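Architecture and fold: a report
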Protein chains: 4
Amino acid sequence: MAGNSIGTILRLTTFGESHGPALGGVLDGFPAGILIDEDFISCEMERRRPGRNRFSTQRNEQDRISFLSGIMEGRSTGTPLAFMIANENQKSHDYSQIKDIYRPSHADYTYSMKYGNVDWRGGGRSSGRETSARVAAGALAKLFLKEKGIEIHAGIRAIGRIKDESDDFSWPFGNDFDAVNSSFVKAFQDEIDRAREDCDSVGGIIECRIFNLPAGLGDPVFDRLEAGLAKAMLSIGACKGFEYGLGFRSTSMRASEINDEMCLKDGKAHFITNNSGGILGGISTGECVTFRAAFKPTPSISRPQRTVTKDGHETIIEIKGRHDPCIVPRAVVVVEAMAALTVADFYLRWKAYE
Amino acid sequence: MAGNSIGTILRLTTFGESHGPALGGVLDGFPAGILIDEDFISCEMERRRPGRNRFSTQRNEQDRISFLSGIMEGRSTGTPLAFMIANENQKSHDYSQIKDIYRPSHADYTYSMKYGNVDWRGGGRSSGRETSARVAAGALAKLFLKEKGIEIHAGIRAIGRIKDESDDFSWPFGNDFDAVNSSFVKAFQDEIDRAREDCDSVGGIIECRIFNLPAGLGDPVFDRLEAGLAKAMLSIGACKGFEYGLGFRSTSMRASEINDEMCLKDGKAHFITNNSGGILGGISTGECVTFRAAFKPTPSISRPQRTVTKDGHETIIEIKGRHDPCIVPRAVVVVEAMAALTVADFYLRWKAYE
Amino acid sequence: MAGNSIGTILRLTTFGESHGPALGGVLDGFPAGILIDEDFISCEMERRRPGRNRFSTQRNEQDRISFLSGIMEGRSTGTPLAFMIANENQKSHDYSQIKDIYRPSHADYTYSMKYGNVDWRGGGRSSGRETSARVAAGALAKLFLKEKGIEIHAGIRAIGRIKDESDDFSWPFGNDFDAVNSSFVKAFQDEIDRAREDCDSVGGIIECRIFNLPAGLGDPVFDRLEAGLAKAMLSIGACKGFEYGLGFRSTSMRASEINDEMCLKDGKAHFITNNSGGILGGISTGECVTFRAAFKPTPSISRPQRTVTKDGHETIIEIKGRHDPCIVPRAVVVVEAMAALTVADFYLRWKAYE
Amino acid sequence: MAGNSIGTILRLTTFGESHGPALGGVLDGFPAGILIDEDFISCEMERRRPGRNRFSTQRNEQDRISFLSGIMEGRSTGTPLAFMIANENQKSHDYSQIKDIYRPSHADYTYSMKYGNVDWRGGGRSSGRETSARVAAGALAKLFLKEKGIEIHAGIRAIGRIKDESDDFSWPFGNDFDAVNSSFVKAFQDEIDRAREDCDSVGGIIECRIFNLPAGLGDPVFDRLEAGLAKAMLSIGACKGFEYGLGFRSTSMRASEINDEMCLKDGKAHFITNNSGGILGGISTGECVTFRAAFKPTPSISRPQRTVTKDGHETIIEIKGRHDPCIVPRAVVVVEAMAALTVADFYLRWKAYE
């Protein structure tokens, strides 16, 4: 299994299974001299942590990060930042029930086809728990970007059938559910509650915006900024789609409606609108970068489902245990983290030519 | 400008501006011994060519490919396949009108910010003409995949406000417009005609399916098959969004509705549905891989638009010349080409571990 | 600081400073199902460990490896193999003496120029202790190669002015000093003893051979097998040179003396000699691959040396502490490890096309 | 055959066989705005060209470069620089004699094993003619480096048994043979003449120095500057060895003899000697970078040699045609080119963090 690294100059490599000794990562190419605010990193980890509120799983994952290298006297040294998160409560026995069965819409079948074995202890490498390493590395990337004035914020635009179709996005949102509009919090939560009551799950849409990005990031042709962001988003397990700017909506509009005209403002070229989502020709325009990621309902549900065993028998599975009826609230910080890692890498690549 | 290469083992590097001497590419890592069917490659080029019918620009680009290396006696030798397409009719004077102006929603502004110059001759590197090299390389990738039994076909699902929301996809489609359903051809064409009459343009949605892909392609975490496809699609200039399987629609559905249950068929594990789009955990399941790409209306329209000049004056631009009112029909083969290049690269990476 | 990864498909990323919490690495792309013989890995670590005999430093580094991921029930799972080696006895105070001084021919000055800080605790990332992660990963690569029948062995050809200029190489060598010829062990050890008595240090030459490598590994032009090996060797801190086959000696010979003529043997093409060192045109011939790496005397000596302080004063430094008068014996396993990682990566790249 | 690209940010991809339609390359990541001095590039090509004097082959390769992209009004635009060199006199018939025979110490056998075919027309991709694309790209890299004040010069230190063991290196050398010391020109030429008279060939050693490189280039651990240079040199077909600084000589010296002590000069830290060859800890020190590359005698000789045919018979080959008795004089500019490409890439990677 290759494929556990992302980035060209700033490069994250992650490791670890949900029920092995530890998860973690190595962030290589991180600039020297950046103040490592461990409280900020802990807060970011807390945003992803299950059990944060009643809308996510109740297991008490501590997700405490240990830094193994790359920091001296509170600042990055320029050497690789390695970190790990011990798996303290590895309850492998919880999973023995599903050891020999392909769970529907999980990675069990494909891992088995690919590796000839499968780490059945809770999803192994395909577990959502793998994203904790991304959040830690993303928090580091944010600390670097913050020194450049760049900020990244994401929020929830839809949960199940409840959709916030407005266009405003004023951060801070004023609610700890990370809904872009606080007026939607209750409806979103009710939608999740209904799914839980039905032993089912729901998905949703997360919107992300990148503020104060200078013009010029991204390379034409294959390494466009939007291509990098798309890859980063689709690398998140439950993500099924990506769009930037007006995205799929633009397909039914006319150019005359969506072209971003320009005028002068304070003597400088200025975009009157930002339907392009802050990217033209693969390169940042200097306007706010906007994109959205679609998340499917998590496949772990306790309803009976038809499936087959690894030794070739049909069976019915009811997945026990406390599972999230909706992973979208916890995915918000993962979206931000992947965006931050992508943007920080593009920033450094851009600087090489400035 | 880096970023002109894509792929890990099978790697395409493209070059060329729309109005320089030539465009082309180098495809490195292509297996030896593959029959190079030049007629097939010409047919693929023809599908992308403007002037093919009244729905695209009337310039007569010949797009004749010259192979410079990598072929002997009709077969690939294993060395890099280099090819070029001469720009025979470089009418630079056509573009002098727009030399000093940022065209709205074009790359003029961002290239100027990034490179401090801009090749104003028709978009330079950001021109849609750059995709001709992708189509040539994609045709080569298809020839390799065909020997493995893998086929890739794309078709049009929407043009402007006309949407084909059915789910069937039986190739060949039976129409040379590449509409998935022939019954939509007239409505699609009418939608384009209306845009043309209004001196405007429309976008659309292309669906692509990959047939006979073995289970096991794609690597977990960052190099997931869907992440590779997303990057490949978003690297196409006008592409604004990507989704696979049920994509954005899955966000408003329940897991119980979309999970792919399994049964036995001929004694083997079998997916009863394929809502996952042929990918689970980042790895191909052996089912048909399905995805969709959103294309915005091309920004080149002859309506007057507000913009600014490079030397800092506000102005009105009316882009003259024959421009496509809809690039979607020509983008179908580009989508297939990028999919083929991505899949062929993943295929080789998979084979390294088989 | 980027640059902490090596390999294309099989990729090692290392982390850690000599006096931080831990060193370690992540080996990504390692095939599934390989038996992880932890005893073998410990033996390899032991070969690199200082304090093994009187010819290396006496600090008692335990170098005990903890695997964090990628192994289940004694076999590789195909996920990244992460491992760490805790720095148990971090005696930072030992180094306070040299905190503010550039040690001659150490990396202190260049790290300071590059990162604006310097981890003065024993060399930080530039410490020879970093190679422990290479040895661990190299041992894993050897376990994979062993299953393919490929073996890699290195031995000492020269220490200081004592040179073994013979051409025989029969492994096992029959001495635990890793001298290719046991008859040289005493002379080598005496040369080291003389350097120690003089408060000085000596270098040497290590020869490495790769047995049973199939023909066909390596890619022409830039990714030649010898180019990969050269990069791998020169990435070892004290390595100053690399040659393969007859190397520098071939420059003063005639083609008629060194060309490898061919004959038939058992009906197959056979090389009568192997002056090419098992590589032609960048690709393995199927003969034994042979190369040599030159190691300079370690710069840490207790003799007084002229240098300057970081705040700009001239001074005399006498480096205290127990330092190796010769790191060559410990470098043997590092050479093997880097060769194993390189060859395993090339092996997988080769298999993608078989 | 992958492996035809080199570099991380500044990346060269080459293509072409000696007797196909053309050779060439694509240089991606080249900064915008650099003046492209085509005369300089032609002069560099001329240095590599055979037939330049009686010491190289008499075929009249024109080696005229056509730029296909990336230049407008005499300056680089930031887009990929593609170029080609047409193979005007493809005398395939010259090679029919050797079509079915493995030439000793050529790549014929390994290519045949790897690709299942072999382009027998003069070595195909393994021909020394492939280096013409490197020289063209290297000339471009030099133009960029020149703007930063960095200069790269190489010269001949040994031909066959004639060795210039002095240490001086004052450029310009004052002879058009590229001998570091003009006093050796006649002896070098006589050595080549003797080989020619004997229907044999000789090798040699080239020394290269990089002037005015700032301190800080190169990344610790695997992407050390010397590792990049070693890979670049060993990627040249006939190169059998690489050493930097004192190289192999340092192995028989004491640290006290070769450590580079420091003093103050003009108030700044200054290296009293430069035995390290301008690199410490993998990072440039600011001193002159020095390295040497060993070239074997070219294997094409007209003496009878034992070999086998592809269909399995023993035979005697006498390679006809005009072959260089020594390729070292033509390799000087290739060494410089590969060094320039390597250094320019490291320069840009360094700038990303400045």
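Use the structure listed above.
Computed from a prediction, not measured in an experiment: that's the story for all the values here.

We now examine the relation of the copies chain B and chain A. In the superposition of chain B on chain A (RMSD 0.0 Å, axial shift 0.0 Å), the rotation amounts to 180°. Expressed as an axis order, the relation between the two copies is that of a two-fold axis. By residue overlap, the copies meet face to face through one surface: 100% of the interface positions of chain B are interface positions in chain A.

This part takes up the pairing of strand β17 (residues 305-308) of chain A. Residues and elements named next belong to chain A. Of the strand pairs in this sheet, β17 and strand β18 (residues 314-317) are connected by 4 bridges, and their pairing is antiparallel. Note on β18: the bridge partner recorded for T307 is T315. Linkage of β17 to β18, two consecutive antiparallel strands, is achieved through a turn of 5 residues, within which G312 is found at a positive phi near 90°.

Aligned on chain C, chain A shows an RMSD of 0.0 Å; the corresponding rotation is 180° and the shift along the axis is 0.0 Å. Taken together, the interface assignments show that 100% of the residues at the interface of chain A recur at the interface of chain C, consistent with an identical surface on both copies.

All names here are of chain A. The 5 strands lie next to each other as β1-β2-β3-β7-β4, forming an open sheet whose pairing is antiparallel. Strand pairing shows two members of the sheet lacking a second neighbour, β1 (5-6) and β4 (65-67), which therefore form its edges. Bridge count for strand β3 (residues 22-28) against strand β7 (residues 81-86) is 6 bridges, and the pairing is antiparallel. Along β7, the bridge assignment pairs L27 with L81.

Mapped onto the elements, S201 of chain B comes out in the loop between α4 (185-197) and β10 (204-211). Through-space distance from the C-alpha of S201 of chain B to that of H153 of chain B is 25 Å; in sequence the pair is 48 residues apart. Ignoring anything within four residues of it in the chain, the contact list for S201 of chain B reads M253, R254 and A255 of chain A together with A195, P297, T298, I301, D324 and P325 of chain B.

Let us look at the packing of helix α1 (residues 38-48) of chain A against helix α3 (residues 131-147) of chain A. Residues and elements named next belong to chain A. Packing of α1 against α3 leaves a shortest axis separation of 9 Å and a crossing angle of 140°. In terms of axis orientation, α1 runs oblique to α3. Relative to α3, α1 is oriented so that their crossing is right-handed. In this structure, α1 uses F40, I41, E44, M45, R47 and R48 to contact α3, whose residues at the interface are T131, S132, V135, A136, A139, L140, K142, L143 and K146. Counted by class, the contact of α1 with α3 contains 8 nonpolar, 2 polar and 5 charged residues.

Let us now look at the interface of chain B and chain A. Often the size quoted for an interface is simply the accessible area lost on bringing the parts together. Facing 104 residues of chain B, the contacting portion of chain A comprises 104 residues. Of the roughly 8300 Å² buried at the junction of chain B and chain A (both faces included), carbon and sulfur atoms supply 60%. Of all residues in chain B, the largest losses of buried area upon contact with chain A belong to F222, K240 and R254 of chain B, amounting jointly to 11% of the total for that side. For D200 of chain B, the salt bridge goes to R254 of chain A, with nearest N and O atoms at 3.8 Å. Here the residues of the side of chain B that touches chain A sort into 47 nonpolar, 33 polar and 24 charged. Where strand β11 (residues 239-244) of chain A and strand β11 (residues 239-244) of chain B come together, 3 bridges link them in antiparallel fashion. Bridging across to β11 of chain B, G241 of chain A finds its partner in E243 of chain B.

Cut-off values and rules
Residue numbers run consecutively from 1 along every chain, following the written order of its sequence. Following the order in which they are written, the chains are lettered starting with A and the ligands numbered starting with 1. Per-residue local features of the predicted model are confined to residues with pLDDT of at least 70, and side-chain atom pairs are confined, for both listing and counting, to 80 or more; whole-chain, interface and lining totals are unaffected and use all residues. Side-chain descriptors were evaluated using all non-hydrogen atoms of the structure, hydrogens and water having been removed beforehand. Residues reaching a pLDDT of at least 70 in both copies supply the C-alpha atoms on which the copies are superposed by least squares. Residue contacts are counted whenever heavy atoms from the two residues lie within 4.5 Å of one another. A pair of strands is treated as paired once DSSP finds two or more bridges between them. Runs of E in the DSSP output that reach at least two residues are strands. Runs of H or I that reach at least four are helices, and both are numbered from the N terminus. An axis is simply a line fitted to the C-alpha atoms; with a helix, the fit covers only the stretch in contact. Between two such axes, the angle follows the N-to-C directions and lies from 0 to 180 degrees. Roughly parallel covers angles under 35 degrees, roughly antiparallel covers those over 145, roughly perpendicular covers 65 to 115, and oblique covers all other angles. A crossing counts as left-handed when the near helix is turned anticlockwise from the far one by less than a right angle, and as right-handed when that turn is clockwise. Here the nonpolar group is Ala, Val, Leu, Ile, Met, Phe, Trp, Tyr, Cys and Pro; Asp, Glu, Lys and Arg are the charged ones; every other residue, Gly included, is treated as polar. The term buried area refers to how much accessible surface (probe radius 1.4 Å) is lost by two components on association, counted for both of them together. Here, a salt bridge means any Lys or Arg side-chain nitrogen found within 4 Å of an Asp or Glu carboxyl oxygen.

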